[in-house]
Amino acid sequence: MCNDPLRSDPLLPGSVASAVAEYRALRDAHGPCWGEPTLSYVTQAWATVYLDRRHDFWNTGLRHVAERHPEVPEPAREDHLGDVDVARVVRDALGGDVQDNLPVLRLTPGGCAVEADTRVVLEGAAFRTALLLDSGRDEPVTVVVDGTPHTVEPRGALIVEVAESVVVDGRPVDLAPLSRRAAAATVRLRAGFPCRWSVTTANGQGWYPPGAPPKLDGNRRPYFHGDDVVLDVPAEPITVTVARGMEYTTSEVTVTPRAGAETLVELAPERLYDAAARGWYGGDLHVHLNWMGEEPAAPELAAAAQHGEDLHVLNLVAGNVASERVYDVEALERWVGEDLPWSDERHLARIGVEYRNDLLGHCTAFGLRGLPSRYHTGFQDTVDWPPNAVACEEMRTLGGVISYGHPFHTAFGDDDPPDVVLDRARNCSAREIVVGAALGLVDTLDVLNHSSILATAAVYRRLLGAGNRIGVSAGTDAVLSFCRRGTASAPPGWERVYAHVGGPLTAESYAEAVALGRTFATTGPWLELTVNGHEPGATLELPAGQEVEITVSSIGPEVETLEIRTAAGVLAQGPAGRLTATMTTDEPTYVVAVASGPPHPRSQHRRGAYAHTSPVYVDVAGARVARAEDVRWCLAWLDRLEQLLREFGRFDTPAQLDDHLALYERARKIYHSRL
């Protein structure tokens, strides 16, 4: 008999299984935030399980902070979002809307009534749902739910779980609007290879196979992964949709399965382009297995998602939320430096790190060969020391490719000054990127991210124009333990960084290609750039006055506009498909390509379709690009960052602050040398 858990289940070794069980206990005890301290984004995570893109948690929460803490000035209200009454914020953000996972019991002075998006429940199946208690009464009211009394404050709100009964004012409430029963049928879904499936009834309700978490993507589409999958559904019309990541189209069919029988649905998506056949491999470099959420995730879920999305490279990252606990550190300790067990010649999975400081930014590392000595600073009133650069340098020595994830969250344009994105204290923005880029400690920037793509792209091009040589990358920050939280619960790889590897796919070959900037990042479109036949990551050394030929091409129905950009701005613009331009080498520059389009079903990001290449560098007469305007912009950034650090940084000794300031001075000298 084998007692080695690694041999009995290679995807769930004992330490990892114990960690997942512990996360599940935390979820059961504390709900979707797993007992984490209530920072603003922790509270947002709890609330947005019940909200979608139509509902503004952030500004609603800030209004509640203003009511609760009128003495707090407006710029500091974000820091108090953890103090709000979450149920009231959810109620007010909904503005009268009723979510499918949150029916409402309206408590009025004259009585009460249930409002619901009625759910279909199969005959014999149990039904349980969250319920929003929304009081319009001027006095407290007691609501008895499944025998347990709950007090709702005057004009207050409460979210509870209900399975059987609700009693208000001594009278039972009619819960018929919550659900209706339907006869059960079975469907078998087969594509011939792993895919992403969506099975819905006419009301948009999703249906899932046993054991699959009830996930919604960023467009609120239900989904799960697999092939030859069997699930129970109502014996009524259902729509089956199949997709497989961004390299495939979507196929759809509507069928009416017969009660008590199995209906076979054979359906496969068609390929739109084949990146690997061209030597390009797409990766998502920022994905969490566990990081709060409704359903703790085991590695098996990551394996199914990677193969179902045909995601070539998956970087699962261990990281903390708001306390000392580092989620999935057990998996990191078990597998660091190894391909994860479900990897094959076309799909590579590794586990890395998200190193986190909310004042200076969050860094990700791919390809680590060993464990770092620290994972975060600045949480729970600990010091903001050492600088992020120290962690980046250590992870670099361990073989990691370093990037900054979800860099910016504020609207920002090409001509805006740095203080536009340095306007707040602790909000996870990539403040130290200007330092790390100058010192050569950061390889890439996640221009494709879940937050502000356009702001990050503008900062990225400023960094390039100032003489920094960093590539473009992509990290979705998808969290497999979330089921309903916008793009966080979307499948990994809804944005990808494609790297031109050329040869076999390995962690080393992919990391090298990313570090050398042989990349483009995308929400879906294929985007190619050549400058005199050279691809991103190349450096052309040319004499002054030479003419350069630039070609850009795209594939994807969501693309509307192509752009060719240099350090001086937009060189050429045109419709999707193909764009060419010529340029005379008057001064050193870089060339990048951008593809964009409106919101599209293939894109999870609210801003729509977007792709951005790393640059082809054009050196002229031995000189590299270093525009004075961009260099001074980076110097102004450093000045503003120093102000933020002095005002909001936490340090035990003056020497800790001095370590940051010395780092900034090193970066200043580098930028001054480029003027």
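Structure's up top.
Residues numbered from 1 in each chain as written. Predicted model: local features only at pLDDT ≥ 70, side-chain atom pairs only at ≥ 80, totals over all residues. Heavy atoms only, no water.

*Asks:* Which residues make up the sheet that holds strand β15 (residues 229-234), and what values do they have?
*Replies:* Two pairing modes exist for strands in a sheet, parallel and antiparallel, and in both the strands are linked by backbone hydrogen bonds. Strand order in this open sheet of three strands is β15-β11-β18, and the pairing throughout is mixed. Two strands bound the open sheet, and with one partner strand each, they are β15 and β18 (262-266). Here the strands of the sheet are splayed against their neighbours by 30° on average, with no regard to which way each runs. Sheet topology note: the strand β11 (residues 184-190)/β15 ladder contains six bridges and is antiparallel. Within β15, the position partnered with A185 by the bridge is V233. (Pairing = 2+ DSSP bridges. Helix = DSSP H or I, 4+ residues; strand = E, 2+ residues; numbered from the N terminus. Axes fitted to C-alpha atoms, helices over the stretch in contact; angles between N-to-C directions.)

*Asks:* Can you lay out the pairing of strand β22 (residues 348-357) for me, pointing to particular residues and giving the numbers?
*Replies:* Taken across its ten residues, β22 has ten buried, putting it largely inside the fold. Neither face of β22 is open: one carries L348, R350, G352, E354 and R356, the other A349, I351, V353, Y355 and N357, and all of them are buried. As paired strands, strand β20 (residues 313-320) and β22 are joined by six bridges and run parallel to one another. Residue pairing for β22: N315 is matched across the bridge by R350. Sheet analysis places β22 next to strand β23 (residues 361-366), joined by five bridges and oriented antiparallel. Bridged to R356 within β23 is H362. (Buried < 20%, exposed > 50% of the residue type's maximum accessible area, 1.4 Å probe, protein only.)

*Asks:* Break down empty space enclosed by the protein for me, citing the residues and quoting the values.
*Replies:* Counted according to the given criterion, the structure contains four cavities of 30 Å³ or more. The space that makes up the largest cavity amounts to roughly 60 Å³. Considering the residues around the largest cavity, the lining is formed by W280, T519, F520, L527, E528, L529, T530, E535 and P536. Looking at the lining of the largest cavity, the elements that each hand over two or more residues are β29 (519-522) and β30 (526-531). A total of four residues in the lining of the largest cavity trace back to one element, the largest contributor, which is β30. (1 Å grid on protein atoms, 1.4 Å probe; cavity = no way out; pocket = protein on both sides within 12 Å on 5 of 7 lines; lining within 4 Å. Points joined across faces, edges and corners; volume = space filled by probe spheres on them.)

*Asks:* Before we move on, could you go through helix α10 (residues 453-465) and cite the residues and values that matter?
*Replies:* In a regular helix each residue adds 1.5 Å, so 13 residues correspond to 18 Å; α10 covers 18 Å between its end C-alpha atoms and thus fits that length. Among the residues of α10, those classed as buried are I453, A455, T456, A457, A458, V459, Y460, R461, R462, L463, L464 and G465. Backbone nitrogen of A455 and a side-chain oxygen of the N-cap are separated by 3.3 Å at the start of α10; the cap is S452. Just past α10, the residue G467 takes up positive phi, approximately 100°. (Expected span 1.5 Å × (residues − 1). Polar contact = N/O pair within 3.5 Å; in protein donor to acceptor, adjacent residues only side chain to side chain.)

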